[in-house]
Amino acid sequence: QVQLVESGGGLVQAGDSLRLSCAASGRPLRINQYAMGWFRQAPGKEREFVGVISSNGGRIYYADSVKGRFTVSRDNAKNTVYLQMNTLKPEDTAVYYCAADRIFDTNYVPRNTFEYDFWGQGTQVTVSS
């Protein structure tokens, strides 16, 4: 079992930046066996893919809507994954979730919600115009 807790959300203005963190825990955790993804969900809409980093950090994929503005990174020694969000837009407003997918290919980057094994509770990001 893996527990994920997101933090860092808040209310910002368009053009601002935020850095979200996802702290993972488990007994044992073995975070290096998990690809880590970020998703977001606006009210009344489906959860959508934002970005993912492979278990070894060697591959990172982003949704076109955030490419060039958001950066996913991980620090396995700290059991933490990050989402740096720059040049935020009102359409980025959503609850942001981190998720973990246990994989055997260290370079695999899952993009779909159904591929992930564990989810955090989410953190709200609101961007005002």
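Check the entry above for the structure.
Residues numbered from 1 in each chain as written. Predicted model: local features only at pLDDT ≥ 70, side-chain atom pairs only at ≥ 80, totals over all residues. Heavy atoms only, no water.

## What to know about the state of the cysteines
To keep things clear, this is the line we draw: Disulfides are defined as pairs of cysteine sulfur atoms found within 2.5 Å of each other. Numbering of helices and strands runs from the N terminus, with a helix taken as a DSSP run of H or I at least four residues long and a strand as a DSSP run of E at least two residues long. Only protein chains enter the accessibility calculation, which uses a 1.4 Å probe; a residue whose area is less than 20% of its type maximum is buried, one above 50% is exposed, and one in between is partly exposed.
Per the stated rule, a full pass over the model turns up one disulfide. The disulfide partner of Cys22 is Cys98, and the gap between their sulfur atoms is 2.0 Å. In this structure the cystine formed by Cys22 and Cys98 twists about its S-S bond by roughly 60°; its chirality is therefore right-handed. Placement of the pair is Cys22 in strand 3 (residues 18-26) and Cys98 in strand 9 (residues 94-102), with a sequence separation of 76 residues. Note on accessibility: Cys22 and Cys98 belong to one class, buried.

## A few points about the pairing of strand 9
Cut-off, in case you're wondering: Two strands are counted as paired when DSSP detects at least two bridges linking them.
Counting buried positions along strand 9 yields seven of nine residues, so the element is predominantly enclosed. For strand 4 (residues 34-41) and strand 9, the ladder comprises eight bridges, and the chain directions are antiparallel. Paired with Trp38 across the bridge in strand 9 is Cys98. Here strand 9 runs beside strand 11 (residues 123-128); their pairing, made up of three bridges, is antiparallel. Among the inter-strand pairings, Tyr96 is bridged to a residue of strand 11, identified as Thr123. Sheet topology note: the strand 9/strand 10 (residues 118-119) ladder contains two bridges and is antiparallel. Its bridge partner lying in strand 10, Ala99 is registered against Trp119.

## Brief notes about the side chain of Arg40
Threshold: Under the rule applied, a polar contact is a pair of N or O atoms within 3.5 Å (in protein, one hydrogen donor and one hydrogen acceptor; residues adjacent in sequence only if both atoms are side-chain atoms). Pairs of residues are marked as contacts when any of their non-hydrogen atoms sit within 4.5 Å.
Inspection of the secondary structure puts Arg40 in strand 4. With relative accessibility at 5%, the residue Arg40 sits in the buried group. Among the polar contacts made by the side chain of Arg40, one reaches the side chain of Glu48 at a distance of 2.8 Å. Looking at Arg40, its side chain comes within polar contact range of the side chain of Tyr96, at 2.9 Å. Excluding residues within four positions of it along the chain, Arg40 makes contact with Glu46, Arg47, Glu48, Val50, Ser65, Val66, Phe70, Glu91, Asp92, Ala94, Val95 and Tyr96.

## Thoughts on the sheet that holds strand 3
In any sheet, the strands associate via hydrogen bonds between backbone groups, in a parallel or an antiparallel arrangement. What counts is decided by this rule: Every axis in this analysis is a line fitted to C-alpha atoms, fitted for helices over the stretch in contact. Angles between the N-to-C directions lie between 0 and 180 degrees.
Ordered by their spatial adjacency, four strands build an open sheet running 1-3-8-7, and the pairing between neighbours is antiparallel. If you trace the sheet from one side to the other, it starts and ends with strand 1 (2-7) and strand 7 (70-75), each paired once. Adjacent strand axes in the sheet meet at a mean angle of 15°, parallel and antiparallel pairs treated alike. With six bridges joining them, strand 1 and strand 3 adopt antiparallel strand pairing. Along strand 3, the bridge assignment pairs Glu6 with Cys22.

## A few points about the packing of aromatic side chains
Each aromatic ring pair is described using two quantities: the centre-to-centre distance and the angle formed by the ring planes. Rule in force here: In this scheme Phe, Tyr and Trp rings, the latter by its six-membered ring, pair at centre separations within 6.5 Å, and the angle between planes marks the pair as stacked below 30 degrees, edge-to-face above 60, and tilted otherwise.
Evaluated as defined, the whole model comprises five aromatic pairs. An angle of 70° between the planes, with centres 5.8 Å apart, marks the rings of Phe39 and Phe49 as edge-to-face. Here Phe39, found in strand 4, pairs with Phe49, found in strand 5 (residues 48-53); they are 10 residues apart in sequence, far enough to count as distant. Phe49 matches Phe39 in its accessibility class, with the two residues each being buried. Chaining the aromatic ring pairs together yields one cluster made of Phe39, Phe49, Tyr116 and Trp119.

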